[in-house]
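Spelled out, the chains give:
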Amino acid sequence: MTRPDGYLLDNRRLEAGERFDAFAALFDPTTFRHLEGLGIGPGWRCWEAGAGGTSVVSWLAKKVGPTGKVLATDIDTSRLTSVARPPVDVRVHDLGTDEPPMEGFDLIHTRLVLVHVPERERALRSMVKALRPGGRLLVEDADPALQPLLCPDEHGPEQQLANRLRHGFRKLLAGRGADLSYGRKLPRLLREAGLRRVEADAYFPITSPVCAALESATVRQIRDELVRTGHATDEDIDRHLANVASGNMDLATAPMISAWGRKG
């Protein structure tokens, strides 16, 4: 991720673990499908950049086996200690400011990271630089501006409140340097970085219990900031969390756009 003093969603908060679990449940099937399509196999050298949680790192480790390598990096590696054993190497690394930890990777993947990194252009160049010729890059990131609503079907006061809080969340993200329309740019950015055979698609869950769990964890994590900045009151947040817990809300996420290509 980016530096901890600028990142709104600190990995060390209790709610961060709930968010990582929700991301895994929502997005791992899409991520794994794309990684399989890129041909990952035994002996591959992989870099999971801005890893945060462990689900993708563990999956990569099984795919590359004992002859491969998985480098998992983040500015905060506290949640990666459980997987720090061969073939996984865990290192502290700031994707936005540090040079690549090594080069010659067969595959580099990052998910829901660059949208938060103010130095995202530099980070993307860094990952492309670290690929071997013919190496694959898969970047998956959100585009909150493409679908800005928590409740696309805004049919009542509960949904209106949810969307007002989501608007506040987006304002907080933008204030920390997030690019809320980043996901849609990925195909062009990968081509401009010199990658070939670039493709992309998007995944957009509209309602599920996991979407509700993600929303609850996110709002609880940023509660103080929402109140401090005047985007919500404590009463607003209590009411919204109760609405989410009722199970009667259709809650969506921002589309996650996956883009991939090969280094020439």
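Residues numbered from 1 in each chain as written. Predicted model: local features only at pLDDT ≥ 70, side-chain atom pairs only at ≥ 80, totals over all residues. Heavy atoms only, no water.

**Some points on the confidence of the model for the protein chain**
Link 1 in the chain: Mean pLDDT over the protein chain: 95, with 97% of residues reaching 70 or higher.
Link 2 in the chain: For the stretch residues 1-5, pLDDT sits under 50, and the model shows 22 contacts to residues farther than four places along the chain or on other chains. (pLDDT = per-residue confidence, 0-100. Contact = heavy atoms within 4.5 Å.)

**Quick look at the packing of aromatic side chains**
Link 1 in the chain: Inspection of the entire model under this criterion finds four aromatic pairs.
Link 2 in the chain: Feature note: the residues Phe 23, Phe 27 and Tyr 203 constitute an aromatic cluster, connected by ring pairs.
Link 3 in the chain: The ring of Phe 105 carries the charged tip of Arg 45 above its face, separated from the ring centre by 5.8 Å.
Link 4 in the chain: Stacked on the ring of Tyr 182, the Lys or Arg Arg 120 has its end atom at 5.6 Å from the ring centre. (Phe/Tyr/Trp six-rings, centres within 6.5 Å; stacked < 30°, edge-to-face > 60°. Lys NZ or Arg CZ within 6 Å of the ring centre and 35° of its normal.)

**Focus on the packing of helix α1 (residues 14-37) against helix α2 (residues 55-64)**
Link 1 in the chain: Where α1 meets α2, the axes come as close as 10 Å, and the angle between the chain directions of the two elements is 30°. Considering the angle they form, α1 stands roughly parallel to α2. Where α1 crosses over α2, the two elements pack in a sense that is right-handed. Where α1 approaches α2, its residues Ala 24, Asp 28, Thr 31, Phe 32, Leu 35 and Glu 36 are matched on the opposing element by Ser 55, Val 56, Trp 59, Leu 60 and Lys 63.
Link 2 in the chain: When its residues are assigned to classes, the contact of α1 with α2 shows six nonpolar, two polar and three charged. (Axes fitted to C-alpha atoms, helices over the stretch in contact; angles between N-to-C directions. Helix = DSSP H or I, 4+ residues; strand = E, 2+ residues; numbered from the N terminus. Parallel < 35°, antiparallel > 145°, perpendicular 65-115°, else oblique. Left-handed = near helix turned anticlockwise from the far one by under 90°. Nonpolar A, V, L, I, M, F, W, Y, C, P; charged D, E, K, R; others polar.)

**Brief notes about the sheet that holds strand β2 (residues 69-74)**
Link 1 in the chain: Taken together, seven strands build an open sheet; the order of strands is β3-β2-β1-β4-β5-β7-β6 and the sheet is mixed. Of all the strands in the sheet, just β3 (88-92) and β6 (195-203) have a single pairing partner and so form its edges. Adjacent strand axes in the sheet meet at a mean angle of 15° when their direction is disregarded.
Link 2 in the chain: Here strand β4 (residues 105-111) pairs with strand β5 (residues 131-142) via six bridges, running parallel. (Pairing = 2+ DSSP bridges.)

**So, the environment of Ile 108**
Link 1 in the chain: Along the polypeptide, Ile 108 turns up in strand β4.
Link 2 in the chain: Note on Ile 108: relative accessible area 0%, which makes it buried.
Link 3 in the chain: Separated by 30 residues in sequence, Ile 108 and Leu 138 place their C-alpha atoms 6.3 Å apart.
Link 4 in the chain: Not counting chain neighbours up to four residues away, the residues in contact with Ile 108 comprise Trp 47, Met 127, Ala 130, Leu 131, Arg 136, Leu 137 and Leu 138. (Buried < 20%, exposed > 50% of the residue type's maximum accessible area, 1.4 Å probe, protein only.)

**Some points on the pattern of salt bridges**
Link 1 in the chain: With the rule as written, the count across this model stands at 21 salt bridges.
Link 2 in the chain: In this structure, Asp 236 and Arg 239 form a salt bridge, with 3.3 Å as the shortest nitrogen-oxygen distance. Residue Asp 236 and its partner Arg 239 are both found in helix α7 (residues 234-245); the two are separated by three residues, about one turn of the helix.
Link 3 in the chain: Overall, Arg 239 belongs to the partly exposed group, its relative accessible area being 42%.
Link 4 in the chain: Three or more residues are tied together by salt bridges with common partners; here these are Glu 99, Glu 103, Arg 122 and Lys 129. (Salt bridge = Lys/Arg side-chain N within 4 Å of Asp/Glu carboxyl O.)

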